[in-house]
Amino acid sequence: MSSTLEDEDEQDLQQALAATMSAQDALLKRRRSSATASILGKSLKSTSLSVASMAGDFDDTDFDVPSVTLPTLEDILAENENDEFSPDIDAVVASTISGDELNRQDSAATNTTSPLSHSKPKTTTVHGSVLRYSRLKSLAAHLHSASSRVDAGMPTAMAVSSSLAVGTSHGLVLIFDPSQALRLVLGNGQLGQQLGPVSALDFNGDMTRLLVGHAKGTLTMWDLANGKCIRTISDAHVPGTPVLHVKFLDDPTQAVFSDSGGSVFHLQFRRVMGMRTAESDCLFSGSRGEVCCVLPLLFGEKGAGRALAEMRILAMASLTKVFLVRLRPKLEVLFTFVLKGELGTLPLLDWKLVPPEQGSSSKGSDPLLIAARGSQVVMHRISLDANDGGLSCMPVKVATLDFQAISIKALNSEVAAIMDTREHVHVFDMVDMVELQDIDMVDVHLAYSTSHFKSLAAGGSVSKALEVASRHSCYQSIVSYHGQLLLLGVDVVHCLTIRKWDERLAVLVRGSQFPEALALAMTFYRGTARAVLALSKDPDERRGIVAGQMIDILLAYVDLSLAAHIPDDDHIDEQEQFYKTLINICIDYCLILEATDLLFGDIYERFVDLVVGRSCFLECLEPYIVSDHLTSLSPSVLKAFIEHYQTQQMLQRVENCLLHLEVHNLDLHQVVVLCWTYGLYDAMIYVYTRGMHDYETPLQELLRLLRTALNNQESGQQLSDGDQVLGYKLLVYISCCMAGHAYPSGEIAAELAAAVRATVFAVLVKKQLKESEADDKVESFPHLRTLLRFDTREFLNVLSLAFEEDFFTTVSFRDPTTGEAVPRPGRQLMVDLLLRLMMNSRDFTPSQLGCLFTFLARQMAKHTDIKVPKQLFEQVLEFLCNPDSSTRHEERQQAMLELLSTTIAGQFDAEQLIVLCESANFYQVLEQLYERRREFPKVLSCYWRDPSRRAQAFSYIHHVMLDDSFVEMERADVEQAALQHMQELMEADSLATAKLMITDFAHDLVDVTNRLTSHPKLQYEFLQHVFGGPGGVGLTKPESPPPAQVHEQYIELMCQYDPTLVYSYLRSNENYRLEETLAICRKHLLTDAVAFLLERTGDVQGAFNLLLKSLRVKITSLDRILDDYDSDSENILKVECVRVAISAVRSVLLVVIQLCQRNSVRLEAEQRQALWFPLLEAAMSPQQRWRHAASVLVSALKELTSHVLNSMMGYVPLPSILKQILSDPTTSSGSFGELKDLMMGMVETYGYEQTLLTTTNRLLAGDINSSISTLKRVKERGLAPRSATCSDCGCRLWQSSSAAVTSRSPSPMPVVITSSKDKDDVYVFSCGHSYHRLCVVTRQPGIVACGICNKKLSTSTSHQADWHRIRAPPAPTTSSSSLNAGTDATAASKGSGGKEQDPGLVDVQRVESVAQLHSSFRTPSRLQVLRSLSRHHDQEPRRGNALKVAAAVGQENVADKFQLHLAPPPL
């Protein structure tokens, strides 16, 4: 039957490609037919071939394919997990859906991929169609027939093993065999009506029994051999409660089930004397929480002998928790964990056996418990330690889904299928929870068991939570079995099976999704694919198998694309883009598969006859060659590649590609001829050096070309761009060879590097050319001369780099003139040659000679083995310090610096060097010369004369002032030089200058300031940094404030440059004289500053009048603007002017209000009114004049008036304010409505203050009462002595040892104690030590304190707080004393001698106790409320009494700085 299915699938696939086959010509037909037949044949024949050939390579945990002779269901299963007979219902009896529908589903489940890049293939992850869908049509027909013939009803539950059982709503069970034939019908209509619908069912392990649960609470067991009911169990749980789950254990005589009440029960089946019985034990009671799902851990035959299987582990899940229990040897809860999820969702459970972790001692597979609820998924691995038998439950994965799950089933150890509330099946990789496929199963019409959870058949008595959560309950409708997922619909069973890897590729090929198929095949090739089935796990074998499939898919893709998808010739741009996309994909995959023979063979042959396709193919090779991904071409392709670019006149691109190809794959003759013909110098050097290891020939030939070009230049021709490029390439080539680098990239082999350097050097110093190479103009050392003539500076730079190599000191040279051995190093030889060529020739300009001198200076500074005559050295110095030359100033100065570091410079007069450097402005050189002579002021002058280094003068001065190597006289010289050039320092950095003067020099600030008198702007910047103005840092220290005259000078400068900052500065500083500062501010007409100073001098009225005048000026300006303002005008400029004018009035008004508030506390009532009433009048005047203006303007003016009123109400009585308002002529003429809001706001503010005062008094009274109560409780606390003896003399304190000496009663009766020491009183302190009165008095007269705890205290206010005196009795027969803490401590007590105790001691004790209490329980915030109020209302009769109390109490907390600022509600 499996072979029949394969034939049918192959026919469908061939039909799917028939349309494209007709569009190809005969050649393409043959090519494509072979490739397509190969891939389709491999994918379709994989059932009979792949499994047989690779069965031994599969992982036994995931795949266990038995060796059988006859076709069985295992041959086409996606995954088999045990060796027993396990039929694949889909493969045997299912009718596959139509090809169009399957293609449509597969296409929907497949992701798209973007074209691969040139450098590295980048694909969107493609998983393809992981599951194959089918419908069990024959089974559906039997269900429909049974429903009509025996009135079976609708399907309600399903169980799958080697057979399939379907329970119905009429209580019947239909048993189907693997061929979908109806084998048994269990039950009848009468029995079904009695038992109710089937709610759950399960097969036992050997397929001999079927346990069925019904909606009315009864369980039945059926014998599958004869179809008879052998047990009817109705008393195993609460009658009438629907059975929700029923599961057999590995032991066929045991089972578990749960009901809608949330309880779980264990069933033990027995047969005693021919009677079948069932014993029920409650494992979990629903009264402690409702269990919604129960699932035992089953091992089957694989569990034989395993300790985990013998434990009979069971997983149970409620709405909030998951329980893991074992039934053997006794019932025990192993683990519990919280299962979070959304409300209204049921918990889900599933078990899966997975391979053990690496390093685990477990010998078999470990169980993996999958728990889910809503969108939360948690996985736990259960493992048993083989050594100590310990069981562990470790969480291995926690994931959050994008949907709410209603079912979760593990299809194998890597793949899980999750159904959501929309009835979509999501296929996930369980390793990292990546979604592989999303299948819409809405048309399945899933059979839900909601009615069973709601217990509708038994009356519906379930909890509200379970009823809400059961909306999508489908525990019995979705079953997984051996890599298949079966779904029970209302009329048919649906099946989803994991596809094999080649089937997934075939689905994509069938849908003409070749790029996606290649991307998926690449994941198989690299071993990164997910849900892989039936593919060898050996890496080499896997890559070999997949590579063959990829090649077939690639060829089929090319054939199909070239046959049917090429754009028309009219759209040449689209046609080129099509070819490039296709070719890039081919190149990418051929490079990955290392199949360049295929690329330049079969694939290139498919494009060679297409004009545009051939060009695109050759051009697409370039980026891969340049990026070194493609390092060789076949001879035919290389020839075509060069010819194509030669035709397109793109030879530079050919040269760039040749540099990245391996030389041994090139036709050297062809490439050399091409390079010489078209001037491809880089490629020519590359071929000679890499292919033939010849470093001399290209250098000599290129030097010959450059020499010819330079000779032509002398005759009047200019160097062409090509000639210049040639010259600079030669310089780079020489530099690379001398440094041991290959040209243009890479490294020369270590064993060749020395020989290459010697060869190149010999070419450079060659004296004469061969006769065949000589020109008409014969010159000595032609190669050196050529390079110097081309670019002297750059060639000398090349030599500078070469001189750094050890080659010039370790290799002996021969003099190119005489041919004799040269005893001196190669550097000296080269220098001598350069001097000989350039100093004795007229061919070189002074600029070129200057380059030579600079080169010599630097090399002599670096290498001591280079010697030049003294006369020549003087010429070098004169050139470097030539004042008439402004070119390359920094380069010449750097050369001089390097010369100074050598011993050669010491041979010359320092004075002469200074003169030369001064003329050349070599300030860095002068700095070193002056430092050697310790002329540090001149060193400092070098910094500010050098514009580029002027800012470095500060760090140099700081170094001099702190370094111990400088003496005081040198520091003083540097300081004096800095002061003399302070202007230059300020121009460089004013902040750094200020820091320098204050921190490093600590110079007199007045002197420093006076030095800048002629530059007031710099003087202001300096003082700004000193005093911490905007941009300053405040360099002065509080312990040494600047003199007042400096402050006043700074204020005057601030009045000139930043007048807006004067007022804030005056408020924050006090180190200035008032009269002088006032004169300065009046001079510059700064009203706010003058007013502030007048207030400080005590002239409050003068300050007020000045500010009030300024306010009236602002109001007048506002009136003037309002005269021209039209409320209906849309002139934005006028509106902005009004807004600015009102803001100006508001700012001045706030300043006046603050002045009045600061001084009202110190003034009498009449004086306060003299301040506030004019201000109120000025604020109300614009409101009255413009009361008919626009509402926005009136509101703004009313806000000003309200602010004045709110501010003055705390200082002026309310009646006086009302009288002033009503008597004002500007307000008396108006109506009451205009004043209503104003007056009502004032009254509300008064009520608010009165309520606040009442509340404060109440809080104060409560605090006082609480404090006194606490004091009383403290003083009533009893004290217990530590021992019965005196801590001083050691004698007994009392005669009766049984007398009680402690009391904690609030008011105890006196207890008299007879003292052992002349009936003396006893002192008991809070520390527990006790003394005779005489012992305390005689030890330290006048001090009552514990002698042990207070030895270091010598005042009468030391720890005296908690002590009590126990009075001695008047008669010797009494033995009790009072320890009452509440007794008046100041009362006199009589001793045995009849003397009265000094009451002054007790008074001190009480004072100390009160002080302790006040310190511990003080509440400053409430007391300070009254203090704050008293300052504002101490002269108001209506609040006088309360405020006096507040002020009196506030004296207790004078040191408390808490301030409470109160404000009435706004008017």
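Residues numbered from 1 in each chain as written. Predicted model: local features only at pLDDT ≥ 70, side-chain atom pairs only at ≥ 80, totals over all residues. Heavy atoms only, no water.

(A) The arrangement of the overall build of the protein chain in detail. Assigned secondary structure in the protein chain consists of 55 helices and 32 strands. Every one of the 1467 residues in the protein chain was classed for burial, and the buried ones make up 50%. A sequence separation of at least 24 residues applies to 59% of the contacts in the protein chain between residues at least 6 apart. (Helix = DSSP H or I, 4+ residues; strand = E, 2+ residues; numbered from the N terminus. Buried < 20%, exposed > 50% of the residue type's maximum accessible area, 1.4 Å probe, protein only. Contact = heavy atoms within 4.5 Å.)

(B) Quick peek at the sheet that holds strand β8 (residues 209–214). Read from one edge of the open sheet, four strands run β7-β8-β9-β10, paired in antiparallel fashion. In this open sheet, the two edge strands, each paired with only one partner strand, are β7 (198–203) and β10 (228–233). For this sheet, the mean angle separating the axes of adjacent strands, direction not counted, is 20°. As paired elements, β7 and β8 share five bridges and run antiparallel to each other. The partner of A200 across the bridge, within β8, is G213. (Pairing = 2+ DSSP bridges. Axes fitted to C-alpha atoms, helices over the stretch in contact; angles between N-to-C directions.)

(C) Molecular detail of helix α24 (residues 750–764). For α24, built from 15 residues, the straight-helix expectation of 21 Å at 1.5 Å per residue is met to within 8% by its first-to-last C-alpha distance of 22 Å. Taken residue by residue, α24 has A753, V756, R757, V760, F761, V763 and L764 as its buried positions. The buried residues of α24 occupy an angular sector of 155° when the element is viewed end-on, so they sit on one face. (Expected span 1.5 Å × (residues − 1). Arc of directions from axis to C-beta.)

(D) Region of the structure containing the sheet that holds strand β6 (residues 182–186). Pairing within the open sheet is antiparallel, and its four strands lie in the order β3-β4-β5-β6. Each having just a single partner strand, β3 (155–160) and β6 make up the two edges of the open sheet. Mean inter-strand twist for the sheet, computed between neighbouring axes without regard to direction, equals 20°. Alignment of strand β4 (residues 164–168) against strand β5 (residues 173–176), held across four bridges, turns out to be antiparallel. Opposite G167, over in β5, you have V173 as the bridge partner. Contacts from helix α7 (residues 137–149) reach β3, β4, β5 and β6 within the one sheet, and its direction differs from that of β5 by about 150°.

(E) Up close: the pairing of strand β21 (residues 391–410). Judged from the ten bridges that link them, strand β20 (residues 366–384) and β21 form a sheet pairing that is antiparallel. Its bridge partner lying in β21, Q376 is registered against T400. In this structure, β21 lies alongside strand β22 (residues 415–420), joined through five bridges in antiparallel fashion. Paired with A405 across the two strands is D420, which belongs to β22. Hairpin remark: β21 followed by β22, antiparallel, with four residues in the connecting loop.

(F) Looking closely at the packing of aromatic side chains. In this structure the tally under the stated criterion is 23 aromatic pairs. Ring centres of Y604 and F617 lie 5.1 Å apart, and the angle between their planes is 50°; on these two criteria the pair is classed as tilted. Pair noted here: Y604 is in helix α16 (residues 596–608) and F617 is in helix α17 (residues 611–626), with a separation of 13 residues, a long-range link. Taking the relative accessible area as the measure of exposure, Y604 reaches 8% and is therefore buried. Following the ring pairs from residue to residue traces out a cluster consisting of F578, Y579, Y604, F607 and F617. (Phe/Tyr/Trp six-rings, centres within 6.5 Å; stacked < 30°, edge-to-face > 60°.)

(G) Broad picture of unusual backbone geometry. Omega for the bond connecting R328 with P329 falls within 30 degrees of zero, at -5°, which places this linkage in the cis form. Tracing the backbone shows P329 in the loop between β17 (321–326) and β18 (332–338). That bond from Y743 to P744 is cis: its omega, 0°, falls within 30 degrees of zero. Position of P744 relative to the elements: it lies in the loop between α23 (721–739) and α24. Its identity as a non-glycine residue notwithstanding, Q180 has a phi of 70°, on the positive side.

(H) Focus on the environment of D151. With respect to the helices and strands, the residue D151 is situated in the loop between α7 and β3. Residues D151 and T168 lie 17 residues apart in sequence; the distance between their C-alpha atoms is 9.6 Å. With residues near it in sequence (within four places) discarded, D151 still touches A146 and H170.

(I) Region of interest: the packing of helix α34 (residues 936–945) against helix α36 (residues 968–980). The interhelical angle for the contact between α34 and α36, taken along N-to-C directions, is 35°, at an axis separation of 8 Å. The hand of the α34/α36 crossing is right-handed. Note on element contacts: α36 touches α34 through E970, D973, V974, A977 and A978, opposite F936, P937, L940 and W944. (Left-handed = near helix turned anticlockwise from the far one by under 90°.)

(J) Region of the structure containing the nonpolar core. Membership of the largest hydrophobic core comes to 250 residues, with the highest contact counts inside it found for I603, L621, F1022 and L1175. Ranked by size, the runner-up nonpolar core spans 48 residues in total, among them A317, L349, A371 and L384. (Core = buried A, V, L, I, M, F, W, Y, C linked by side-chain atoms within 4.5 Å.)

(K) A look at a nonpolar patch on the surface. Taken together, the side chains of V150, L182 and V185 present a nonpolar region at the surface, about 190 Å² in accessible area. With respect to the secondary-structure elements, V185 resides in strand β6. (Patch = residues over 30% accessible without salt bridge, like charges linked within 9 Å, V, L, I, M, F, W, Y side chains within 5 Å. Areas by Shrake-Rupley, 256 points an atom, 1.4 Å probe, with all protein chains shown as cover. Salt bridge = Lys/Arg side-chain N within 4 Å of Asp/Glu carboxyl O.)

(L) Looking closely at helix α45 (residues 1100–1123). Relative to the 34 Å expected for 24 residues at 1.5 Å per residue, α45 spans 34 Å between its end C-alpha atoms, a close match to the ideal helical length. Two to three positions downstream of the cap, the backbone nitrogen of G1102 sits 2.9 Å from a side-chain oxygen, assigning the N-cap of α45 to D1099. (Polar contact = N/O pair within 3.5 Å; in protein donor to acceptor, adjacent residues only side chain to side chain.)

(M) Geometry of the pattern of salt bridges. According to the stated counting rule, one finds 28 salt bridges in the structure shown. With a closest N to O distance of 2.9 Å, D540 and R543 form a salt bridge. Of this pair, D540 and R543 both sit in helix α14 (residues 539–564), three residues apart, roughly one helical turn. Under the relative-accessibility criterion, R543 is labelled partly exposed at 31%. A salt bridge links K1083 to E1052; its shortest N-O distance comes to 3.4 Å. Of this pair, K1083 sits in helix α43 (residues 1074–1083) while E1052 sits in helix α41 (residues 1044–1057), and the two are 31 residues apart along the sequence.

(N) Structural context of the state of the cysteines. By the definition in use, this model includes zero disulfides. Distance from the sulfur of C1291, which forms no disulfide, to the nearest cysteine sulfur (C1289) is 3.9 Å. The class of C1291 is partly exposed, set by a relative accessible area of 38%. (Disulfide = S-S within 2.5 Å.)

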